[in-house]
Amino acid sequence: MQDLLKEVAQTQQVDMSVRQRFKVVVINEADHLTRDAQAALRRTMEKYSPNLRLILLANSTSNIIAPIRSRTLLVRVAAPTEDEICQVLQKVGEKERFKDVEALNQRIAKESGRNLRRALLMYEAVHAQKYVPDSRCTSSSALIIFAAK
């Protein structure tokens, strides 16, 4: 990963007319990086700070080493509510032309534990199996497989 960050930081900007002369890199699940990887990331952050901005996504800051935490702005984003997850699933369903079953969306939102990524994966899996939900969505067989955490 360090090599990739160095390469991104060292390459020239494509559009030289932009006001910001830095590049943005998003690192998902940064809390799962090893301590050695995080130490290397810290060194890279310091070396390329003039032309590289990092966005670190993590479920918990407790697994991020203190030197990185001290060099970053922590922004906490609350988990979406079940209603917000239902709204997202409804919009995805409209775009994918899936039959809208509110009970299914509510069930997935509840089973996902307010985790939008998990809810979308469950929603996709239900429709990939060509499961045709009825309006009551009382059958739990479609969701049991995907509710494993």
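Use the structure listed above.
The structure presented is a predicted model; accordingly, all values stated were derived computationally and were not measured.

Our focus in this paragraph is the overall build of the protein. For the protein, the count of helices and strands is 7 helices and 2 strands. The secondary structure elements of the protein, listed N-terminal to C-terminal, are α-β-α-β-α-α-α-α-α. A sequence separation of at least 24 residues applies to 68% of the contacts in the protein between residues at least 6 apart.

With that settled, the discussion passes to the packing of helix H4 (residues 82-96) against helix H6 (residues 116-128). Where H4 contacts H6, the axes come no closer than 11 Å and their chain directions differ by 40°. Judged by the angle between their axes, H4 and H6 are oblique. Seen from above, H4 lies across H6 with right-handed handedness. Between H4 and H6, the contacting residues are Ile-85, Val-88, Leu-89, Val-92 and Gly-93 on the first element and Leu-116, Ala-119, Leu-120 and Tyr-123 on the second.

Time to look at H4. Counted at 1.5 Å a residue, the expected span for H4 with its 15 residues is 21 Å, and the 21 Å between its end C-alpha atoms agrees. Of all the residues in H4, the buried ones are Ile-85, Cys-86, Leu-89 and Gly-93. For H4, the arc enclosing every buried residue in end-on projection is 100°, short of the 170-degree limit, so these residues lie on one face. In H4, those exposed residues whose orientation departs by more than 90 degrees from the buried face are Asp-83, Lys-91, Glu-94 and Lys-95. If you follow the buried residues of H4, they end up packed against helix H5 (102-111) and H6. Directly beyond the C-terminal end of H4, a positive phi value near 60° is found at Arg-97.

Analysis parameters
Residues numbered from 1 in each chain as written. Predicted model: local features only at pLDDT ≥ 70, side-chain atom pairs only at ≥ 80, totals over all residues. Heavy atoms only, no water. Helix = DSSP H or I, 4+ residues; strand = E, 2+ residues; numbered from the N terminus. Contact = heavy atoms within 4.5 Å. Axes fitted to C-alpha atoms, helices over the stretch in contact; angles between N-to-C directions. Parallel < 35°, antiparallel > 145°, perpendicular 65-115°, else oblique. Left-handed = near helix turned anticlockwise from the far one by under 90°. Expected span 1.5 Å × (residues − 1). Buried < 20%, exposed > 50% of the residue type's maximum accessible area, 1.4 Å probe, protein only. Arc of directions from axis to C-beta.

Geometry only, nothing functional implied.
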